[in-house]
Amino acid sequence: NAGVTQTPKFQVLKTGQSMTLQCAQDMNHNSMYWYRQDPGMGLRLIYYSASEGTTDKGEVPNGYNVSRLNKREFSLRLESAAPSQTSVYFCASSQGTGEVSPLHFGNGTRLTVT
Amino acid sequence: AQSVTQLGSHVSVSEGALVLLRCNYSSSVPPYLFWYVQYPNQGLQLLLKYTSAATLVKGINGFEAEFKKSETSFHLTKPSAHMSDAAEYFCAVSRYNQGGKLIFGQGTELSVKP
C-alpha cells in the first residue's frame, strides 16, 4: 500500500507566486491534516478535515487555503508565497476524530520561497 | 491549553547504552500521549501511544514509555541503543474527540555512537 502520497517532493517559489500541494491517501481514512515542520518548533497544524466535506483551521492557518476534494484527497494552497512559508509540509491521515487513532504521515514536501 | 516540552534538542548515546528521551506535558484533562520517530527525509512514524489503558506502554523497535501523572511526564526509553535508532523523536499530546489535532514537542535528535 502507498499510504499517504504527497506531491511534489521539492519546490522552489519566488515571493508572490502561488502553488498547490497535493495529498492523497489510500487507507479509506476519514480525517486528513496538513502540518508544517520548522527547525526547533516541532510540527504545527495548519488545517485539518475531520471528514469529507469539512475543513477547519489549525494553529497556523494564515496564508493557506485547503480543499477536501473527496475522501482520498486533501490539497493545500499558497495563494501568494512568502519567505516565512519556507518549510517542510506534511500531510497526514487518520481513521477518525472520535477515537484517538494514530496519524499516518506522507514523506513531506520541502518548499523554499525566495 | 495543552502543551508538550521535550528536554534536550539533541541526545547522544553509545551503541548498547540506555536511551532516555524526556517529555513533559500539560493538559487540563486526561491526555492521550504519543511518541513518533522521523528518519531522515521521511515522514513521522508512530512508535507508541498512551490512551489510559496502562501506564507502561510498549512500542515498536524495543521502545517503551511510562505515563506518570504525578510528574506529568511520558519519557521514552530503550534499554540498549542500536545504530539504526538514530533519528528525530517527537512527543505529542491530544485529547479525546480531538483525534489528529496533535500538539507536538520540539523534537529530540538522537545520535548513536559506535
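Residues numbered from 1 in each chain as written. Chains lettered and ligands numbered in written order. Predicted model: local features only at pLDDT ≥ 70, side-chain atom pairs only at ≥ 80, totals over all residues. Heavy atoms only, no water.

Draft legend 1. Looking closely at the interface of chain A and chain B. Across the contact, 22 residues belong to chain A and 23 residues belong to chain B. Summed over both partners, the interface of chain A with chain B comes to about 1,800 Å²; 58% of that surface belongs to carbon and sulfur atoms. Ranking the residues of chain A by area buried against chain B places Leu-43, Val-100 and Phe-105 of chain A at the top, with a combined share of 30%. Put simply, chain A and chain B have zero salt bridges between them. Sorting the residues of the side of chain A that touches chain B by element identifies strand E4 (31-37) and strand E5 (43-49) of chain A as the ones contributing at least two each. Of the residues contributing to the side of chain A that touches chain B, the split by class is eleven nonpolar, nine polar and two charged. (Contact = heavy atoms within 4.5 Å. Buried area = accessible area lost by both parts, 1.4 Å probe. Salt bridge = Lys/Arg side-chain N within 4 Å of Asp/Glu carboxyl O. Helix = DSSP H or I, 4+ residues; strand = E, 2+ residues; numbered from the N terminus. Nonpolar A, V, L, I, M, F, W, Y, C, P; charged D, E, K, R; others polar.)

Draft legend 2. Structural view of the state of the cysteines. For the coordinates displayed, the defined rule picks out two disulfides over all chains. Between the sulfur atoms of Cys-23 of chain A and its disulfide mate Cys-91 of chain A the distance is 1.9 Å. In this structure the cystine formed by Cys-23 of chain A and Cys-91 of chain A twists about its S-S bond by roughly -75°; its chirality is therefore left-handed. Of this pair, Cys-23 of chain A sits in strand E3 (residues 19-25) while Cys-91 of chain A is found in strand E9 (residues 87-94), placing the two residues 68 residues apart along the sequence. Residues Cys-23 of chain A and Cys-91 of chain A agree in their burial class; the two are buried. Put simply, Cys-23 of chain B and Cys-91 of chain B are joined by a disulfide, and their sulfur atoms are 2.0 Å apart. Every disulfide takes its handedness from the sign of the S-S torsion; for Cys-23 of chain B and Cys-91 of chain B that torsion is -65°, giving left-handed. One end of the pair, Cys-23 of chain B, is in strand E3 (residues 19-26); the other, Cys-91 of chain B, is in strand E9 (residues 87-94), with 68 residues separating them in the sequence. Across this residue pair, the class does not change: Cys-23 of chain B and Cys-91 of chain B are buried. (Disulfide = S-S within 2.5 Å. Buried < 20%, exposed > 50% of the residue type's maximum accessible area, 1.4 Å probe, protein only.)

Draft legend 3. Looking closely at the layout of surface pockets. What the largest pocket holds in volume is close to 320 Å³. As for the largest pocket, its lining consists of 19 residues, and the residues nearest its centre are Gln-37 and Arg-110 of chain A together with Gln-38, Glu-88 and Phe-90 of chain B. When residues in the lining of the largest pocket are grouped by element, the largest group, three residues, is from E9 of chain B. A per-class count over the lining of the largest pocket returns seven nonpolar, eight polar and four charged. One number sums up the size of the second largest pocket: a volume of about 200 Å³. If you go around the second largest pocket, you meet 13 residues; those closest to its centre are His-104, Phe-105 and Gly-106 of chain A together with Leu-44 and Gln-45 of chain B. Listing elements by their share of the lining of the second largest pocket, those giving two or more residues are strand E10 (104-105) of chain A together with strand E5 (44-50) of chain B. Top element by residues in the lining of the second largest pocket is E5 of chain B. It accounts for three residues. For the lining of the second largest pocket, the per-class residue count stands at seven nonpolar, six polar and no charged. (1 Å grid on protein atoms, 1.4 Å probe; cavity = no way out; pocket = protein on both sides within 12 Å on 5 of 7 lines; lining within 4 Å. Points joined across faces, edges and corners; volume = space filled by probe spheres on them.)

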